Amino acid sequence: MFPECSTDAASDTEAPPPGAADDWTVLQRWERFSAEDHAVWDTLFARQQAKLSGRLVREFAQGLDLLRLSHPGIPRLEELNERLLRRTGWTVVSVPGLVPDNVFFRHLSQRRFPAGNFIRPANQLDYLEEPDVFHDIFGHVPMLADPRMADFIQALGELAPRAGASGALHRVARLYWYSVEFGLARQDGELRIYGAGLASSFSEAEHALRSPAPRRLPFDLRAVLRTSYRSDRLQSCYFVVDDFDELLASGLRFDSLLAALDDAADLDPDTGNLA
Ligand code: HBI
Ligand code: FE
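All figures in this text were calculated on a predicted structure; none of them were measured in a lab.

Draft legend 1. Quick look at the packing of helix α7 (residues 147–165) against helix α8 (residues 169–181). At their nearest, the axes of α7 and α8 sit 8 Å apart, and the two run at 160° to each other. The orientation of α7 with respect to α8, classified from their angle, is roughly antiparallel. Counting all contacts with α7, which are made through Phe152, Ile153, Leu156, Leu159, Ala160, Ala163 and Gly164, the residues of α8 involved are Leu169, Val172, Leu175, Tyr176, Ser179 and Val180. Of the residues contributing to the contact of α7 with α8, the split by class is 11 nonpolar, two polar and no charged.

Draft legend 2. Local environment of the sheet that holds strand β3 (residues 184–187). As summarised here, the arrangement of the four strands in space is β4-β3-β6-β5, forming an open sheet in which the pairing is mixed. In this open sheet, the two edge strands, each paired with only one partner strand, are β4 (190–193) and β5 (215–218). Neighbour-to-neighbour, the strand axes of the sheet open up by a mean angle of 35°, direction not taken into account. One ladder, built from four bridges, connects β5 with strand β6 (residues 237–241); its direction is parallel.

Draft legend 3. Layout of the packing of helix α2 (residues 35–52) against helix α6 (residues 133–144). The N-to-C vectors of α2 and α6 enclose an angle of 40°; their axes lie 11 Å apart at closest approach. With respect to α6, the axis of α2 lies oblique. Relative to α6, α2 is oriented so that their crossing is right-handed. On α6, the residues touching Trp41, Leu44, Phe45 and Gln48 of α2 are Val133, Phe134, Ile137 and Phe138.

Draft legend 4. Local environment of helix α10 (residues 202–210). Within α10 the residues assigned to the buried category are Glu204, Ala205, His207, Ala208 and Leu209. The elements touched by buried residues of α10 are α2, β3, β4, α9 (196–199), β5 and β6.

Draft legend 5. Here's a closer look at empty space enclosed by the protein. What the rule picks out here adds up to two cavities of 30 Å³ or more. The volume enclosed by the second largest cavity comes to roughly 40 Å³. Lining the second largest cavity are Gly139, His140, Met143, Met149, Ile153, Val180, Tyr194 and Ala196. Looking at the lining of the second largest cavity, the elements that each hand over two or more residues are α6 and α7. Of all the elements, α6 adds the most residues to the lining of the second largest cavity, at three residues. Partitioning the lining of the second largest cavity into residue classes produces six nonpolar, two polar and no charged.

Draft legend 6. Highlighting the site of ligand 1. Residues in close proximity to ligand 1 total 13 residues, the closest being Gly97, Leu98, Val99, Asp101 and Phe104. Val99 has a polar backbone atom sitting 2.7 Å from a nitrogen atom of ligand 1. Coverage of ligand 1 by the protein amounts to 100% of the 380 Å² it exposes when considered alone. Sorting the residues of the shell around ligand 1 by element identifies α5 (101–109) and α8 as the ones contributing at least two each. Of the residues forming the shell around ligand 1, the biggest block, three residues, is contributed by α5. Partitioning the shell around ligand 1 into residue classes produces 11 nonpolar, one polar and one charged.

Draft legend 7. Fine view of the pairing of strand β2 (residues 112–116). The buried count for β2 comes to four of five residues, which makes it a mostly enclosed element. Sheet topology note: the strand β1 (residues 91–95)/β2 ladder contains five bridges and is parallel. In the strand pairing of β2, Thr91 is matched with Arg112. Traced from β1 through α5 to β2, the parallel crossover comes out right-handed.

Draft legend 8. Representation of the packing of aromatic side chains within the structure. Tallied over the entire structure, the rule returns 14 aromatic pairs. When the ring of Tyr178 is compared with that of Tyr229, the centres are 6.2 Å apart and the planes differ by 90°; the resulting orientation is edge-to-face. Of this pair, Tyr178 sits in helix α8 while Tyr229 sits in the loop between α11 (221–226) and β6, and the two are 51 residues apart along the sequence. Each member of the pair, Tyr178 as well as Tyr229, is classed as buried. One aromatic cluster in this structure is built from Trp177, Tyr178, Phe182, Phe219, Tyr229 and Phe239.

Cut-offs applied
Residues numbered from 1 in each chain as written. Chains lettered and ligands numbered in written order. Predicted model: local features only at pLDDT ≥ 70, side-chain atom pairs only at ≥ 80, totals over all residues. Heavy atoms only, no water. Axes fitted to C-alpha atoms, helices over the stretch in contact; angles between N-to-C directions. Helix = DSSP H or I, 4+ residues; strand = E, 2+ residues; numbered from the N terminus. Parallel < 35°, antiparallel > 145°, perpendicular 65-115°, else oblique. Contact = heavy atoms within 4.5 Å. Nonpolar A, V, L, I, M, F, W, Y, C, P; charged D, E, K, R; others polar. Pairing = 2+ DSSP bridges. Left-handed = near helix turned anticlockwise from the far one by under 90°. Buried < 20%, exposed > 50% of the residue type's maximum accessible area, 1.4 Å probe, protein only. 1 Å grid on protein atoms, 1.4 Å probe; cavity = no way out; pocket = protein on both sides within 12 Å on 5 of 7 lines; lining within 4 Å. Points joined across faces, edges and corners; volume = space filled by probe spheres on them. Near = heavy atom within 4 Å. Polar contact = N/O pair within 3.5 Å; in protein donor to acceptor, adjacent residues only side chain to side chain. Areas by Shrake-Rupley, 256 points an atom, 1.4 Å probe, with all protein chains shown as cover. Right-handed = clockwise from strand over helix to strand, strands pointing away. Phe/Tyr/Trp six-rings, centres within 6.5 Å; stacked < 30°, edge-to-face > 60°.

Such coordinate-based values are descriptive only and should not be taken to indicate function.
Okay, here's the thing in structure tokens:
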């Protein structure tokens, strides 16, 4: 998928690419997308809808409907943002690819979600070098329409610089990774997806929901903050929240947990042992 924290993503001091603003945003220039690009979006959308029906948390399905993300083709941001802004005060902004962690989390702290301004080619439906517009809008935006998740993600953005100041940005990245990106939840007694990296990926969703290989652990904030992750392969562990509402209400405890953690050694995602 894409790199953990700022080691591989653009480094925090890197200048934005040519044509991008200081905050790494670019215009979407929706008219630039070809008929093939829109067809790729429609193919991916239809596949995920078919694969995931009944496997997504209800908040995701509600978000899809609300944002009318089911009409064909890549969404125009100005139209999408009209609805999203009214709903939870979030807007989606276009970026040319991975942005440095500090830039990424700063956008989140201001209720702006960075979305790739490109879509994968038709011959690479299942491999994603960097988050593209399908991963970002189909994967993330429906949950941004849920007021509690909207608050949760902004809280992560606000926490990042404070955690970064004490060398713990990678822990906030992990919390983001094991919830917003790859989170699983139990809802109505069933294992459901809420993480964008699962909602938008054919193979990862299958792996997370059905494979015997990965460990599926109860969501424990302390364990999440200690568990590293690899972004270039299917995940070897997922964290499952039992009570989605409880997770989304946990925002206020991040500070105290981060403070309590600075002595805790990292855990290996494959084994759960000390890394
Ligand atoms: N940049 N464009 C973009 N999209 C992301 O999802 C992203 C990023 N930079 C950093 C980053 N994600 C990660 O550090 C987070 O997944 C934790
Ligand atoms: Fe993502």
